[in-house]
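# Inside the fold
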Amino acid sequence: MSNNIPYKIYLDENELPKQWYNVRADMEKKPSPLVNPASGKPMTLDELSQVFCRELAAQELNDTDAYIDIPEEIINFYKMYRPSPLVRAYYLEKALGTPAKIYYKFEGNNTSGSHKLNSAIAQAYYAKKQGLKGVTTETGAGQWGTALSMACSYFDLDCKVYMVKCSYEQKPFRREVMRTYGANVTPSPSDTTEVGRKILAKFPDTNGSLGCAISEAVEAAVSTEGYRYVLGSVLSQVLLHQSIIGMETMTACDKYGIKPDVIIGCAGGGSNLGGLISPFMGRKLRGEADYQFIAVEPASCPSLTRGVYAYDFCDTGAICPLQKMYTLGSNFMPSPSHAGGLRYHGMSGIVSELYDQGLIEAKSVEQTSVFEAATKFARIEGTLPAPESSHAIKAAIDEALRCKETGEEKTILFGLTGTGYFDMYAYQQYNDGTMSDYIPTDEEIKNSIDTLPNIK
Ligand SMILES: *Cc1c(COP(=O)(O)O)cnc(C)c1O
């Protein structure tokens with residue numbers, strides 16, 4: 001193996017970052033504030049605290065502190081599965097015959113199988129500290145619900161999960177992992193909430209969507225004493241917690257003298273991408289270094305590449321605060337693609353603002369090409385990747401092959417957000433040749449965007 005970089009770079013426990021990094025502090029133009037749908041004014045801390053735990057609401061509004069201490073209880077939990085390895089994909093490089101160097105940060109090495117645990121444990125901790133009984137949430141593919149049920153059982157909190165119906169049916173084992181950790185799981189839309197009943201009346205055959213499950217979870221939280229709502233992506237607090245990925249990666253890179261040229265992440269709500277790139281973006285914003293950042297989204301749900309930058313609801317039921325983001329409209333019903341974690345109509349406000357400023361690029365990729373890349377990666381590097389993560393793999397392979405043509409010796413870094421053991425139904429369709437690529441028409445997107453709320 002060349003230049004003394006080990007196949008897997010493992011940091012020591014004592015090299016685990018002690019602080020999260022808040023990229024908003026270094027952004028000259030900040031993301032737009034969350035807006036109260038009733039008043040049309042920016043959400044205050046008190047208003048936000050009715051939906052979220054107070055400390056998390058404060059993090060949501062914090063545009064100024066660059067570094068925030070990670071509480072010791074959270075660090076102790078992180079030690080069960082962190083620091084996560086940074087892997088030099090020597091075998092993939094060789095198989096592709098590329099002069100590029102490829103690294104990936106692997107977040108699938110915990111039972112939930114994804115990076116979502118990084119924020120779940122933080123959110124559960126603050127809920128416990130506030131003396132709450134429990135939390136409610138939605139889950140798409142099931143990774144967030146799994147992560148949250150693990151975190152809640154650790155802190156002995158109740159956990160109510162609304163799971164997008166098509167995932168509930170396609171992934172019964174995910175559901176059982178959540179129940180094993182003590183969570184209560186309901187398929188969404190359901191008749192247990194008012195908003196669920198409304199959506200069912202309007203679209204009786206719906207497969208469900210993240211936006212709709214969010215509405216149900218928020219309603220359940222605000223109507224139950226001692227409960228708050230928690231969200232696994234999109235929010236700035238989640239990107240803050242996920243910055244642990246980028247902080248560790250940067251520590252490992254600096255330790256071994258690795259300088260990434262291109263940093264790639266898949267983007268659903270933007271949390272892993274935001275978390276991975278944040279500290280690097282900080283350097284770029286402060287003029288200390290330069291990097292190319294690429295967000296990769298599914299062609300079936302292309303918020304950045306085909307959406308508009310506008311205030312929109314985070315949920316289908318229009319209960320949540322409004323956020324300015326790249327969106328396809330909260331009424332957008334994505335086709336039931338297999339990357340459940342990327343089926344979200346909107347995007348993190350931070351990622352959206354960075355993209356709008358031209359600091360991040362975006363591309364969309366089609367499902368079958370993603371599974372082709374996933375299969376190649378599994379066979380060469382050994383790890384069976386999650387469909388979501390495979391969007392980043394696809395883009396990294398494309399970039400490495402481009403380098404092969406041009407002879408560029410670029411260093412490519414991507415986020416491998418999770419493993420795909422619960423996605424074998426999707427792999428089965430790919431293996432059987434029955435997987436299709438659905439790309440929404442301009443008209444479909446326009447119809448949904450036409451219903452955006454009128455907030456400037
Ligand atoms: C949820 C999820 C994603 C997408 O969510 P982001 O907030 O965009 O990071 C990506 N990969 C995996 C494995 C996931 O579980």
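The coordinates are above.
In short, a report on the structure. (Residues numbered from 1 in each chain as written. Predicted model: local features only at pLDDT ≥ 70, side-chain atom pairs only at ≥ 80, totals over all residues. Heavy atoms only, no water.)

### A short note on the sheet that holds strand β6 (residues 134–139)
Ordered by their spatial adjacency, four strands build an open sheet running β8-β7-β6-β9, and the pairing between neighbours is parallel. Whereas interior strands pair on both sides, the edge strands pair on one side only; in this sheet they are β8 (184–188) and β9 (227–229). Strand-to-strand twist in this sheet, taken as the mean axis angle between neighbours without regard to direction, amounts to 25 degrees. Strands in contact with helix α6 (residues 143–154) are β6 and β7 (158–164); relative to β6, the strand with the most contacts, it is inclined by about 165 degrees. (Pairing = 2+ DSSP bridges. Helix = DSSP H or I, 4+ residues; strand = E, 2+ residues; numbered from the N terminus. Axes fitted to C-alpha atoms, helices over the stretch in contact; angles between N-to-C directions. Contact = heavy atoms within 4.5 Å.)

### Regarding unusual backbone geometry
For the bond from R82 to P83, the omega torsion is -10 degrees, close enough to zero to count as cis. Looking at the secondary structure, you find P83 in the loop between α3 (72–78) and β4 (86–88). Residue P189 is reached from S188 by a cis peptide bond, and omega for that bond is 5 degrees. As for its position among the elements, P189 is in the loop between β8 and α9 (194–202). In this model, D156 sits at a positive phi of 55 degrees, which is unusual for a non-glycine residue. Relative to the elements of secondary structure, D156 occurs in the loop between α6 and β7. Taking relative accessible area as the criterion, D156 reaches 63% and is therefore assigned exposed. In this structure, V234 is a non-glycine residue whose phi angle is positive, near 65 degrees. The topology assignment puts V234 in the loop between β9 and α11 (236–256). (Buried < 20%, exposed > 50% of the residue type's maximum accessible area, 1.4 Å probe, protein only.)

### Quick word on empty space enclosed by the protein
Using the criterion set out here, one finds seven cavities of 30 Å³ or more in the structure. Quantified by volume, the largest cavity comes out at close to 340 Å³. Forming the walls of the largest cavity are 33 residues, and the residues nearest its centre are K116, L210, S233, G269 and G341. The residue makeup of the lining of the largest cavity, split by class, is 10 nonpolar, 20 polar and three charged. The residues that make up the lining of the largest cavity include at least three from each of domain 1 (8–15 + 83–113 + 242–449) and domain 2 (19–69 + 116–229). Here the second largest cavity is characterised by a volume of approximately 60 Å³. L34, F52, L231, L235, C314, C320 and P321 are the residues that line the second largest cavity. Classifying every residue of the lining of the second largest cavity gives seven nonpolar, no polar and no charged. (1 Å grid on protein atoms, 1.4 Å probe; cavity = no way out; pocket = protein on both sides within 12 Å on 5 of 7 lines; lining within 4 Å. Points joined across faces, edges and corners; volume = space filled by probe spheres on them. Nonpolar A, V, L, I, M, F, W, Y, C, P; charged D, E, K, R; others polar. Domains from an automatic or database assignment.)

### Structural notes on the site of the ligand
Close to the ligand lie 19 residues, the nearest being K116, S233, S271, N272 and T417. At a separation of 2.5 Å, an oxygen atom of the ligand approaches a polar side-chain atom of S233. Within the contact set of the ligand, a nitrogen atom lies 2.7 Å away from a side-chain nitrogen or oxygen of T417. A total of 380 Å² of accessible area belongs to the ligand in isolation, and the protein chains cover 98% of it. (Near = heavy atom within 4 Å. Polar contact = N/O pair within 3.5 Å; in protein donor to acceptor, adjacent residues only side chain to side chain. Areas by Shrake-Rupley, 256 points an atom, 1.4 Å probe, with all protein chains shown as cover.)

### A few points about the pairing of strand β12 (residues 308–313)
Across the six residues of β12, five count as buried, placing the element largely inside the fold. Pairing geometry for β12 and strand β13 (residues 322–327), over six bridges, is antiparallel. Of the residues in β13, the one forming a bridge with A310 is M325.

### Structural notes on helix α16 (residues 387–406)
The terminal C-alpha atoms of α16, which comprises 20 residues, lie 29 Å apart, in line with the 28 Å expected from a rise of 1.5 Å per residue. Counting buried residues along α16, 14 of its 20 residues qualify, which places the element largely inside the surrounding structure. G407 sits one or two positions beyond α16 and adopts a positive phi of about 80 degrees. (Expected span 1.5 Å × (residues − 1).)

### With respect to the environment of S389
Mapped onto the secondary structure, S389 falls in helix α16. For S389, a relative accessible area of 0% corresponds to the buried category. C-alpha of S389 to C-alpha of R343: the two residues are 46 residues apart in sequence and 13 Å apart in space. Those residues within four positions of S389 in sequence are excluded, and the remaining contacts are C266, L416, T417 and G418. Looking at S389, its side chain comes within polar contact range of the side chain of T417, at 2.7 Å. A polar contact is formed between the side chain of S389 and the backbone nitrogen of G418, at a distance of 3.0 Å.

### A closer look at the packing of aromatic side chains
Counted by the stated rule, this structure contains 18 aromatic pairs. Judged by centre distance (4.7 Å) and plane angle (70 degrees), the rings of F77 and Y154 are edge-to-face. Separated by 77 residues along the polypeptide, F77 in helix α3 and Y154 in helix α6 bring together distant segments of the chain. Residue Y154 is classed as partly exposed on the basis of its relative accessible area of 40%. What links up through ring pairs into an aromatic cluster is the set F77, Y78, Y81, Y125, Y126, Y154 and F155. Cation over ring: K160 sits above Y227, and NZ or CZ is 5.1 Å from the ring centre. (Phe/Tyr/Trp six-rings, centres within 6.5 Å; stacked < 30°, edge-to-face > 60°. Lys NZ or Arg CZ within 6 Å of the ring centre and 35° of its normal.)

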